[in-house]
Amino acid sequence: KNEVEQSPQNLTAQEGEFITINCSYSVGISALHWLQQHPGGGIVSLFMLSSGKKKHGRLIATINIQEKHSSLHITASHPRDSAVYICAVRGQGAQKLVFGQGTRLTINP
Amino acid sequence: DAGVIQSPRHEVTEMGQEVTLRCKPISGHDYLFWYRQTMMRGLELLIYFNNNVPIDDSGMPEDRFSAKMPNASFSTLKIQPSEPRDSAVYFCASSYGGAVHTGELFFGEGSRLTVL
């Protein structure tokens with residue numbers, strides 16, 4: 001079993017839909033990152049969080065430390081949101097990130 | 001700020017050749033990471049440096065891989081000799097660790113390596 005599990009692996013939705021991507025992890029962490037990677041592109045850090053909730057525009061990330069679970073939400077999804085979203089956790093006292101396998105999101109117009 | 005700068009963006013080489021990938025981290029960042037991304041294995045950490053010193057190289061696949069960071073503004077990842085299974089996208093990332101070691105990570109655009 002991987003230390004970081006994401007679901008779903010693939011998600012296709014229509015423009016405007018509310019999107020949720022989930023991440024579960026099995027180790028104690030100091031921080032959790034959500035990353036975005038467009039096809040053939042680089043990787044962008046969307047959020048880094050260790051508790052509670054963060055919001056940037058249409059993106060919201062939440063984390064429940066007790067349940068070892070995080071969610072990434074996209075409101076009013078748009079085709080430009082189509083990308084792979086990667087969850088990564090940083091262990092306590094560590095700098096290494098352990099990555100999930102990624103969720104491929106496709107938003108159709 | 002220019003962000004993390006990697007070169008080359010694309011490299012095609014023949015098996016057995018030496019490959020050198022380069023990275024310039026964001027000024028002021030004290031952590032530098034080298035990652036490899038493949039379809040089969042996703043993102044994997046190869047090695048990371050703190051204040052130019054290698055801290056953890058347990059992800060380096062074998063002796064054919066080496067990494068250096070001679071100063072705070074430059075790092076190299078070298079593969080010698082290269083093999084087709086080394087074909088991947090290699091990402092460099094940097095962060096500022098600060099006092100709590102929870103620095104946000106900034107990635108370069110990646111170097112896509114193809115070994116024929």
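Described below are features of the structure shown in this document. Sequence order as written defines the numbering, with residues in each chain counted from 1. Just so you know, chain letters begin at A and ligand numbers begin at 1, following the order they were written in. With pLDDT at 70 or above as the cut-off, local features in this predicted model cover only qualifying residues; side-chain atom pairs require 80 or more to be listed or tallied, and sums for whole chains, interfaces and linings still use all residues. Note: side-chain values were computed over all heavy atoms of the structure, leaving out hydrogens and water.

Here we look at the layout of surface pockets
For the record, the criterion: Grid points spaced at 1 Å and placed over the protein atoms alone form the basis of the search, with a cavity being a set where a 1.4 Å probe fits but cannot get out and a pocket an open set showing protein on both sides within 12 Å along at least five of seven lines. Lining residues have an atom within 4 Å of a point. Grid points are joined across faces, edges and corners, and a volume is the space filled by probe spheres set on the points. The helix count covers DSSP runs of H or I at least four residues long, the strand count covers runs of E at least two residues long, and both are numbered beginning at the N terminus. Ten residue types, Ala, Val, Leu, Ile, Met, Phe, Trp, Tyr, Cys and Pro, are classed as nonpolar, four, Asp, Glu, Lys and Arg, as charged, and the remainder, Gly among them, as polar.
Considering only enclosed or pocket space, the largest pocket measures out at about 910 Å³ in volume. Together, 35 residues line the largest pocket, and A:Q37, B:Q37, B:T38, B:M39 and B:G42 are the ones closest to its centre. Contributing elements (two or more residues each) for the lining of the largest pocket: β9 (83-91), β10 (97-99) and β11 (103-108) of chain A together with β4 (31-38), β5 (42-50), β9 (88-95) and β11 (111-115) of chain B. Looking at the lining of the largest pocket, the element that brings in the most residues is β9(B), giving three residues. Of the residues contributing to the lining of the largest pocket, the split by class is 12 nonpolar, 17 polar and six charged.

Details of the packing of aromatic side chains
Heads up, the condition is: Classification of ring pairs rests on two measures: the distance between centres of Phe, Tyr or Trp rings, Trp counted by its six-membered ring, which must be within 6.5 Å, and the angle between planes, read as stacked under 30 degrees, edge-to-face over 60 and tilted in between. For every residue, the accessible area (1.4 Å probe, protein chains only) is compared with the maximum for its type, and the residue is labelled buried under 20%, exposed over 50%, or partly exposed between those bounds.
Under the defined criterion, the tally for this structure stands at seven aromatic pairs over all chains. Arranged with centres 6.0 Å apart and planes meeting at 15 degrees, the rings of B:F33 and B:Y35 form a pair that is stacked. Across this residue pair, the class does not change: B:F33 and B:Y35 are buried. With a centroid separation of 6.3 Å and 85 degrees between ring planes, the pair formed by B:F91 and B:F107 is classed as edge-to-face. With B:F91 in strand β9 and B:F107 in strand β10 (residues 106-107), the pair connects residues that are 16 residues apart, well separated along the chain. Both residues of the pair, B:F91 and B:F107, count as buried. Put simply, the rings of A:F99, B:Y31, B:F33, B:Y35, B:Y48, B:F91 and B:F107 pair up and form one aromatic cluster.

What about the nonpolar core?
Let me state the cut-off plainly: Nine residue types can take part in a nonpolar core, namely buried Ala, Val, Leu, Ile, Met, Phe, Trp, Tyr and Cys, and a core is a set of them joined through side-chain atoms within 4.5 Å. Note on contacts: a residue pair is in contact if any heavy atoms of the two residues lie within 4.5 Å.
A:L32, A:W34, A:F47, A:L72 and A:Y85 are the most contacted members of the largest nonpolar core, which has 23 residues in total. Within the residue set of this core, elements represented by two or more residues are β3 (19-25), β4 (29-37), β5 (43-49), β7 (59-64), β8 (69-74), β9 and β11 of chain A. Ignoring anything within four residues of it in the chain, the contact list for A:L32 reads A:C23, A:Y25, A:F47, A:M48, A:L49, A:I63, A:S70, A:C87, A:A88 and A:V89. Membership of the second largest hydrophobic core comes to 21 residues, among which are B:V19, B:I47, B:M69 and B:A88.

Brief notes about the state of the cysteines
Selection criterion: What counts as a disulfide here is a pair of cysteine sulfur atoms lying within 2.5 Å.
For the structure on display, the rule yields two disulfides over all chains. At a sulfur-sulfur separation of 2.0 Å, the disulfide partner of A:C23 is A:C87. Every disulfide takes its handedness from the sign of the S-S torsion; for A:C23 and A:C87 that torsion is -65 degrees, giving left-handed. Separated by 64 residues along the polypeptide, A:C23 in strand β3 and A:C87 in strand β9 bring together distant segments of the chain. The two residues A:C23 and A:C87 agree in class, both being buried. In this model, B:C23 is linked to B:C92 through a disulfide, with the two sulfur atoms separated by 1.9 Å.

Quick notes on the sheet that holds β8(A)
All names here are of chain A. Put simply, the rule reads: Pairing between strands requires that DSSP locate at least two bridges from one strand to the other. Here the axes come from fitting lines to C-alpha atoms, over the contacting stretch only for helices, and the angles between their N-to-C directions go from 0 to 180 degrees.
Taken in spatial order, the five strands of this open sheet run β1-β3-β8-β7-β6, and their pairing is antiparallel. If you trace the sheet from one side to the other, it starts and ends with β1 (4-7) and β6 (52-56), each paired once. Averaged over all neighbouring strand pairs, the angle between strand axes comes to 15 degrees, with direction disregarded. As judged from the four bridges shared by β1 and β3, these two strands associate in the antiparallel manner. Residue pairing across strands places S7 opposite N22, the latter belonging to β3.

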